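# Working through the structure, step by step
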Amino acid sequence: MYARSTTINAAPASVDAGIAQVRDEVMPMLMDMDGCIGLSMIVDRESGRCIATSAWQSEEAMRASDEALRPVRERIAETMGGSGPQVQEWEIAVLHRDHRSSAGACVRATWVKIDPATMDRAIDVYKLASLPRLEDLAGFCSASLLVDRASGHGVSSVTYDSQEAMDSNREAAASMRASTSKDAGAEVLDVREFELAIAHLRVPEMT
């Protein structure tokens, strides 16, 4: 399974308009494309940072969709008053879902850098060490790990039932992140928290 993430640094006042455009225009278009298995969108209303991620059954299907989606991404960036969209393609290495998210869910995303030569070991650490500890955090809903094996970059996204749950587990999550990233040989580049604005992923369990 593969994923393409599109990041737009939007004008905060335009975030809702962007969510509506992705939900009403982009999502129906995507779901008609061969190999597309869903879409999610996370937003930070304060900073305006918005990330839409589409999931695909194969790398070929993802790449085949790029030309048709390029002008769509530009239109969304224009609607949101943001800079040109930043696009990243990923392999979905892990996806574990305890239960589906509902209204009010939030996401904590962690970007990391890993030596490409040790990527498989890092993925195993995520599966065997991180996931069991994440499941114990208050409000845990689901977790995913996306990786770019060539560059060594990865991003973990953990969904929680509510802002309150995410607030309550922030300290425990930071402690866990420090220990497991060390075990995985991963350098933490950034950690951000988001509102889950669109959750329409149909990616099967991948652990």
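Residues numbered from 1 in each chain as written. Predicted model: local features only at pLDDT ≥ 70, side-chain atom pairs only at ≥ 80, totals over all residues. Heavy atoms only, no water.

### Some thoughts on the overall build of the chain
In plain terms, the rule: Under the DSSP-based scheme used, a helix requires at least four consecutive residues in state H or I and a strand at least two consecutive residues in state E, with every element numbered from the N terminus. Our radius of gyration is a C-alpha quantity, and the globule rule it is checked against amounts to 2.2 Å times the number of residues to the power 0.38. Think of it in three bands: with a 1.4 Å probe and only protein chains considered, a residue is buried below 20% of the maximum accessible area for its type, exposed above 50%, and partly exposed in between.
Broken down by element type, the chain carries six helices and eight strands. Counting from the amino terminus, the chain carries its helices and strands in the arrangement β-α-β-β-α-α-β-β-α-β-β-α-α-β. Against the compact-globule benchmark of 17 Å for 207 residues, the chain has a radius of gyration of 16 Å, which places it among compact chains. Its C-alpha atoms give the chain principal-axis dimensions of about 40 × 35 × 30 Å. Across the 207 residues in the chain, those meeting the buried criterion constitute 49%.

### Here's the deal with the pairing of strand 7 (residues 153-160)
For a regular strand, side-chain orientation follows a simple rule: the groups alternate between the two sheet faces. The test is simple: Strand pairing requires that DSSP identify at least two bridges connecting the strands.
Summarising burial for strand 7: seven of the eight residues are buried, a large majority. In this sheet, strand 7 lies alongside strand 5 (residues 106-114) in antiparallel orientation, the contact comprising eight bridges. Bridge pairing links Cys-106 to Tyr-160 in strand 7. In terms of strand pairing, strand 6 (residues 140-148) meets strand 7 through eight bridges, oriented antiparallel. Bridge assignment links Ser-142 to a residue of strand 7, and that residue is Thr-159.

### Details of the environment of Asp-115
Its place among the elements puts Asp-115 in the loop between strand 5 and helix 4 (119-135). The spacing of Asp-115 and Ile-19 is 96 residues in sequence and 35 Å in space, taken between C-alpha atoms.

### Remarks on the pattern of salt bridges
Our working rule: Any carboxyl oxygen of Asp or Glu within 4 Å of a side-chain nitrogen of Lys or Arg constitutes a salt bridge here.
All told, the structure shown has 17 salt bridges when counted by the stated rule. Between Glu-195 and Arg-45 there is a salt bridge; the shortest N-O distance is 2.7 Å. Remark: Arg-45 occurs in the loop between strand 2 (36-43) and strand 3 (49-56) and Glu-195 occurs in strand 8 (residues 186-201); sequence separation between them is 150 residues. Among the residues examined, Glu-195 registers a relative accessible area of 28% and is labelled partly exposed.

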